Amino acid sequence: MAVGLEDVWDTKGRRTNPESPSADMSMMRIAVAGTGGLARLIAHYIDEDTSHHVVFLSRTTQPQLAAGGYQVSVVDYGDFESLKYALRGIDTVISTVTGVNQIELIKAAVSARVRRFAPAEFEGPPQLRSASDPLDRGRTLALQWLSHYSQSQLIQSTRFVCGILYERFQPGGLQQLRIGNTSGFGGEGAYIMDCRNMSAQVPAYDAENNPNVVICMTAAQDVARFVTKAVDMKQWPAELRMCGQRILVKDLVAAVQRLKGQAFNPIQWHNPASLRSELQLAAAQRDSARGIRIHTLIATAEGRYDFSEPALNRLFPDVRPMPFQDWFIAKWNQQN
């Protein structure tokens, strides 16, 4: 990438030219809130690819992480002073926790004079969420708090947008990576396709009943690599997008059938109207778990996980996201 000035490289091979989007920010202390799979991947790449120091914020002791050389601060999200104490000297917080815990973390970060905060988004563009979205899990309120503090120039924040994680389609689903354990749709087969039993509910049709529904997807490992690159950016815009693959939902289903060598049976094709009928049935049966899963399909059919202009792909072309097909083959071949 041309930057206009002669590049200077440090001993780890990182560009330190101040005009670069990832100019060396010297060593920072970065807190990663949460200890699930995505949090661990982000911490791993920051530790491997930068000179920054990573601190995990966890509600419990983490002997495995400590044995791996990571610093772990045990925090009580209900105790403001102890949370603020854990954030002393922290430059950047990357959150993978949601709900009330994240709100308290934001408040403590501002009080501790943390410079930057990335909330737990890691899905589609948050502005596409509805005001009463049942999938919100307190994330909109977190963004409102961050916007309030940002306007007062008390903290800088960005929202990492990556679309759907490939790992929704892996053996064990997101929960295999300890992601989305409390979301209600993190298990294997909970979203669009059950790739083990080859059944599917496919939100491929839009409101005009055309098979034009598109989703953006990214592997969790590539999300972590892009986030690591973004850590060294001098300024964070309000939103940073990344994408591993953008694909029609119907083509995604066809690809999985081809890769598995087997057709989905049963398979149901949906548009937003048919999904709302399914939602009414789930409500009548008081099946809240099914209702949450259907809400994710409605969000998909309404275009909530589709976006353009993934800036991080453009800014950091050395990060080459894994194509879905390659990822899928690797994950499911492990089962054979």
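Keep in mind that this is a model prediction, so the values were computed, not measured.

Basis of the calculations
Residues numbered from 1 in each chain as written. Predicted model: local features only at pLDDT ≥ 70, side-chain atom pairs only at ≥ 80, totals over all residues. Heavy atoms only, no water. Helix = DSSP H or I, 4+ residues; strand = E, 2+ residues; numbered from the N terminus. Rg over C-alpha atoms; globule rule 2.2 N^0.38 Å. Buried < 20%, exposed > 50% of the residue type's maximum accessible area, 1.4 Å probe, protein only. Contact = heavy atoms within 4.5 Å. Areas by Shrake-Rupley, 256 points an atom, 1.4 Å probe, with all protein chains shown as cover. Lys, Arg positive; Asp, Glu negative; His and termini not counted. Charge placed at Lys NZ, Arg CZ, Asp CG, Glu CD. Phe/Tyr/Trp six-rings, centres within 6.5 Å; stacked < 30°, edge-to-face > 60°. Pairing = 2+ DSSP bridges. Expected span 1.5 Å × (residues − 1). Arc of directions from axis to C-beta. Polar contact = N/O pair within 3.5 Å; in protein donor to acceptor, adjacent residues only side chain to side chain. Axes fitted to C-alpha atoms, helices over the stretch in contact; angles between N-to-C directions. Parallel < 35°, antiparallel > 145°, perpendicular 65-115°, else oblique. Nonpolar A, V, L, I, M, F, W, Y, C, P; charged D, E, K, R; others polar.

Considerations on the overall build of the protein chain
Right, on to step 1. Looking only at helices and strands, one finds eleven helices and 14 strands in the protein chain.
Right, on to step 2. Taking 20 Å as the expected radius of gyration for a compact globule of 336 residues, we find that the protein chain reaches 20 Å, a close match to that expectation.
Right, on to step 3. When the 336 residues of the protein chain are sorted by exposure, 51% land in the buried category.
Right, on to step 4. In the protein chain, 71% of the contacts between residues at least 6 apart in sequence involve partners at least 24 apart.
Right, on to step 5. For the protein chain, the accessible surface area stands at approximately 15,400 Å², while carbon and sulfur atoms represent 48% of it.
Right, on to step 6. Positive and negative charge centroids in the protein chain, built from 35 and 33 side chains respectively, lie 3 Å apart.

Focus on the packing of aromatic side chains
Right, on to step 1. Counted according to the given criterion, the structure contains 13 aromatic pairs.
Right, on to step 2. Ring geometry for tyrosine 166 against phenylalanine 324: centres 5.3 Å apart, planes inclined by 85 degrees, an arrangement best described as edge-to-face. Taken together, the residues tyrosine 166 in the loop between strand 8 (164-165) and strand 9 (193-194) and phenylalanine 324 in helix 11 (residues 324-333) connect sequence positions 158 residues apart. Phenylalanine 324 shares its class with tyrosine 166; the two are buried.

Side note on the sheet that holds strand 14 (residues 267-269)
Right, on to step 1. Across the sheet, three strands lie side by side as 9-10-14; this open sheet has mixed pairing. Edge positions in the open sheet fall to strand 9 and strand 14, since each of these has one partner strand only.
Right, on to step 2. As defined by bridge partners, strand 10 (residues 199-202) adjoins strand 14 across three bridges and the pair is classed as parallel. Bridge pairing in strand 14 links valine 202 to tryptophan 269.

As for unusual backbone geometry
Right, on to step 1. Note that the residue after asparagine 265, namely proline 266, is joined by a cis bond; omega there is 10 degrees.
Right, on to step 2. With respect to the helices and strands, proline 266 occurs in the loop between helix 7 (249-260) and strand 14.
Right, on to step 3. Positive phi outside glycine occurs at arginine 113, with the angle close to 65 degrees.
Right, on to step 4. One can find arginine 113 in the loop between helix 4 (99-111) and strand 5 (116-118).
Right, on to step 5. A residue is classified by how much of its surface remains accessible, and arginine 113, at 76% relative accessible area, is exposed.
Right, on to step 6. Positioned with a positive phi, glutamate 309 is a non-glycine residue whose angle comes to about 55 degrees.
Right, on to step 7. Along the chain, the position of glutamate 309 falls in the loop between helix 9 (288-301) and helix 10 (311-315).

Section: helix 1 (residues 37-49)
Right, on to step 1. The end-to-end C-alpha distance of helix 1 is 18 Å, a good match for the 18 Å that 13 residues give at a rise of 1.5 Å each.
Right, on to step 2. Considered for burial, the residues of helix 1 that qualify are Gly37, Leu38, Ala39, Ile42, Ala43, Tyr45 and Ile46.
Right, on to step 3. Packed against the buried residues of helix 1 are strand 1 (29-33), strand 2 (53-58), strand 4 (92-95) and helix 6 (220-231).

Topic: helix 8 (residues 272-284)
Right, on to step 1. The terminal C-alpha atoms of helix 8, which comprises 13 residues, lie 18 Å apart, in line with the 18 Å expected from a rise of 1.5 Å per residue.
Right, on to step 2. All of the buried residues in helix 8 are Pro272, Leu275, Glu278, Leu279 and Ala282. One side of helix 8 carries all its buried residues, which in axial view fall inside an arc of 115 degrees. In helix 8, those exposed residues whose orientation departs by more than 90 degrees from the buried face are Gln280 and Ala284.
Right, on to step 3. Those residues of helix 8 that are buried lie in contact with strand 10 and helix 9.
Right, on to step 4. The backbone nitrogen of alanine 273 lies 3.1 Å from a side-chain oxygen of the residue at the head of helix 8, namely asparagine 271.
Right, on to step 5. Arginine 286 sits one or two residues past helix 8 and shows a positive phi near 55 degrees.

Points about the packing of helix 8 against helix 9
Right, on to step 1. Where helix 8 contacts helix 9, the two axes come as close as 9 Å, and the packing angle between them is 170 degrees. One element, helix 8, and the other, helix 9, form an angle in the roughly antiparallel class. Contacts from Pro272, Leu275, Arg276, Glu278, Leu279, Leu281 and Ala282 in helix 8 reach Arg290, Gly291, Ile294, His295, Leu297, Ile298 and Ala301 in helix 9.
Right, on to step 2. Across the contact of helix 8 with helix 9, the residue classes tally to nine nonpolar, two polar and three charged.

Details of the side chain of glutamine 170
Right, on to step 1. Take glutamine 170: it is sitting in the loop between strand 8 and strand 9.
Right, on to step 2. Setting aside chain neighbours within four positions, we find glutamine 170 in contact with Gln176, Leu177, Glu188, Trp327, Lys331 and Trp332.

A closer look at the pairing of strand 11 (residues 214-218)
Right, on to step 1. Within strand 11, five of the five residues are buried, which leaves it mostly tucked inside the rest of the structure.
Right, on to step 2. Covered by surrounding structure in strand 11 are Val214, Cys216 and Thr218 together with Ile215 and Met217, the residues of both alternating faces.
Right, on to step 3. Pairing analysis gives two bridges linking strand 8 to strand 11, with the strands arranged parallel. From the neighbouring strand, isoleucine 164 faces strand 11, where its bridge partner is methionine 217.
Right, on to step 4. The pairing of strand 11 with strand 13 (residues 245-248) spans four bridges and is classified as antiparallel. Looking at the pairing, cysteine 216 lines up with arginine 246 of strand 13.

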